[in-house]
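Spelled out from the first residue to the last, the chains are:
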Amino acid sequence: MPRTEIAPTTIVERLVSFACLAPSVHNTQPWRWRYDAGLLTLRADLDRRLPAEDPRGRNLTISCGAALHHLQLAARALGWETDVRRLPPGADETVLADVRVHRDAPAPVVPSDLALLRTRCTDRRRFTDWPVPRYRLEDLCREAAPWGVHAAAIVDDGARFRLELLANQALTDLELDAGRQAEQDRWIGRTGADGIPASLLPGDPDPLRARSRFRPGLLEDTRMVLHGGERVIALGGAHDDVAGWLRTGEALSALWLEATRAGLSVVPMSQPIEVETTRREIGRSVLGGAFEPHVLLRVGWQAIGRSGLPRTPRRPLADVLEA
Ligand SMILES: Cc1cc2nc3c(=O)[nH]c(=O)nc-3n(C[C@H](O)[C@H](O)[C@H](O)COP(=O)(O)O)c2cc1C
């Protein structure tokens, strides 16, 4: 019988470093990890919740789910196995999962998966008009199934049109909400170890305008929230609850990493989901009631040869891991 080896602290530190490369809403990195007696615990850091934009903690939990998936992938890539218990019974409500990292024998390392974790990023520059082929979208949607998560690509013109309307409506609602605007101001344009630096946010929404033949006139323009070739994938579940959000986060990470592998760019679009009336309407009229939407993802191609982006910062390991 092979003897099971429990991961030493040094390995767990590496795994948590990889987990912290996961995407998170406003780069809040709302997770805390603790390693004790062979068991790694993932907690939601409620001090990092966004009370105005995310009062129920949906985006916070999805972010933690993405980190949980990153951890599982990193463990596998480094030759370790993980036993994950989601929302372990008896634990307090901040505990989202516990993970035992172990192995029976040393296994090969998969450097390409580790590279993928380091490469994935949110690139908010405008996508090209190249359409994303339907088979690519279907491949990406399939990534959600092992996590018990529903995924639907919104390809039908009518559904896309309705989504565009609802997304515009949600943007207007948010612009009129001083509390949400103030919360954005706190996390956007930051220079520290969390939040989103200004260097990663688009500047003039339409740089071509500067080179336009005419100076600006009076004709009212209609802002587009979705552009040319990009497509939207909705992820969600049977219920709009913590258990579903955690799994959606895992599926989001799996899908995003697969998109990165295929050269596609992914940018979440939270606003239509944050406004409860538009979230419900998307479920009803865009997804035909098939499932409760938890997150929307814009998927498209970035222009070839574009410069790389600076990495969004991360908090030091000592701030998020107690071992
Ligand atoms: C649940 C969730 C919601 C997000 N919502 C948005 C969004 O609405 N708009 C956006 O540009 N980025 C969004 N993001 C991306 C984060 O801002 C991004 O992951 C974070 O800044 C870290 O940067 P990175 O992905 O490049 O590592 C979201 C990410 C998550 C996990």
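What you are looking at is a predicted structure, and each value in this text was computed from that prediction instead of being measured.

Where helix H1 (residues 9-19) contacts helix H2 (residues 58-77), the two axes come as close as 8 Å, and the packing angle between them is 135 degrees. Taken together, the axis directions place H1 and H2 in an arrangement best described as oblique. Pair H1 / H2 crosses with right-handed handedness. Across from Leu15, Val16, Phe18 and Ala19 in H1, the residues of H2 making contact are Ala67, His70, Leu71, Ala74 and Ala75.

The full set close to the ligand counts 21 residues, and Arg120, Thr122, Arg124, Ser270 and Arg314 are the nearest of them. The contact in question runs from an oxygen atom of the ligand to an N or O atom on the side chain of Arg120, over 2.8 Å. One nitrogen or oxygen atom from the side chain of Ser270 is found 2.6 Å from a nitrogen atom belonging to the ligand. For the ligand, whose accessible area on its own is 620 Å², the fraction buried by protein is 93%. Of all the elements, H2 adds the most residues to the shell around the ligand, at 3 residues. Residues lining the shell around the ligand come from more than one domain, with at least three contributed by each of domain 1 (5-121 + 316-322) and domain 2 (134-197 + 224-300).

Here the structure, examined in full by the defined rule, presents 0 aromatic pairs. Against the face of Trp80 rests Arg103, its NZ or CZ located 4.0 Å from the ring centre. Its guanidinium or amino end placed over the ring of Trp187, Arg190 lies 4.5 Å from that ring's centre, counting from NZ or CZ.

Moving on to the pattern of salt bridges. Under the definition given, this model contains 25 salt bridges. The residue Arg48 makes a salt bridge to Asp45 at a minimum N-O spacing of 3.7 Å. Between Glu276 and Arg58 there is a salt bridge; the shortest N-O distance is 3.6 Å. With Glu276 in helix H9 (residues 276-286) and Arg58 in helix H2, this pair connects stretches of sequence that are 218 residues apart. For Glu276, a relative accessible area of 29% gives the class partly exposed. Residues joined by salt bridges that share partners form a network here, namely Arg56, Arg58, Asp240, Glu276, Arg279, Arg280 and Glu292.

With 8 of its 9 residues buried, strand E9 (residues 292-300) lies for the most part within the structure. One ladder, built from 7 bridges, connects strand E7 (residues 231-237) with E9; its direction is antiparallel. Bridge pairing links Gly237 to Glu292 in E9. Of the pairings in the sheet, the one linking strand E8 (residues 265-268) to E9 comprises 4 bridges and is antiparallel in character. Paired with Ser265 across the two strands is Gly300, which belongs to E9.

Here we take up the domain arrangement of the protein. Annotation of the protein at the domain level lists domain 1 (5-121 + 316-322) and domain 2 (134-197 + 224-300). On a C-alpha basis, the centres of domain 1 and domain 2 stand 22 Å from each other. Taken together, the 34 residues of domain 1 in the interface contact 35 residues of domain 2. Summed over both partners, the interface of domain 1 with domain 2 comes to about 3100 Å²; 62% of that surface belongs to carbon and sulfur atoms. Broken down residue by residue, the surface that domain 1 buries against domain 2 is led by Glu53, Arg58 and Ile62, which jointly contribute 23%. If you look at where domain 1 meets domain 2, you find 6 salt bridges. Across the salt bridge formed by Arg48 and Asp194, the nearest N and O atoms sit 2.9 Å from each other. Connecting domain 1 to domain 2 are 14 residue pairs in polar contact (both at pLDDT 80 or more). Those elements giving two or more residues to the side of domain 1 that touches domain 2 turn out to be H2 and helix H3 (111-119).

Looking now at the pairing of strand E2 (residues 31-36). Every second residue of E2 is oriented toward a common face, the buried set being Trp31, Trp33 and Tyr35 and the non-buried set Arg32, Arg34 and Asp36. Both E2 and strand E3 (residues 39-44) contribute to a ladder of 6 bridges, which runs antiparallel. Counterpart to Arg32 in the pairing with E3 is Arg43. Two elements, E2 and strand E10 (residues 321-322), share 2 bridges in a ladder whose sense is parallel. Across the sheet, the residue bridging to Arg34 is Glu322, located in E10.

For the rest of this paragraph, the subject is the environment of Arg56. In this structure, Arg56 sits in the loop between E3 and H2. Each C-alpha atom, one on Arg56 and one on Asp123, is 27 Å from the other, the two residues being 67 residues apart in sequence. The contact partners of Arg56, leaving out residues within four places of it in the chain, are Asp240 and Trp245. A distance of 2.7 Å separates the side chain of Arg56 from the side chain of Asp240, its partner in a polar contact.

Parameters and conventions
- Residues numbered from 1 in each chain as written.
- Predicted model: local features only at pLDDT ≥ 70, side-chain atom pairs only at ≥ 80, totals over all residues.
- Heavy atoms only, no water.
- Axes fitted to C-alpha atoms, helices over the stretch in contact; angles between N-to-C directions.
- Helix = DSSP H or I, 4+ residues; strand = E, 2+ residues; numbered from the N terminus.
- Parallel < 35°, antiparallel > 145°, perpendicular 65-115°, else oblique.
- Left-handed = near helix turned anticlockwise from the far one by under 90°.
- Contact = heavy atoms within 4.5 Å.
- Near = heavy atom within 4 Å.
- Polar contact = N/O pair within 3.5 Å; in protein donor to acceptor, adjacent residues only side chain to side chain.
- Areas by Shrake-Rupley, 256 points an atom, 1.4 Å probe, with all protein chains shown as cover.
- Domains from an automatic or database assignment.
- Phe/Tyr/Trp six-rings, centres within 6.5 Å; stacked < 30°, edge-to-face > 60°.
- Lys NZ or Arg CZ within 6 Å of the ring centre and 35° of its normal.
- Salt bridge = Lys/Arg side-chain N within 4 Å of Asp/Glu carboxyl O.
- Buried < 20%, exposed > 50% of the residue type's maximum accessible area, 1.4 Å probe, protein only.
- Pairing = 2+ DSSP bridges.
- Buried area = accessible area lost by both parts, 1.4 Å probe.

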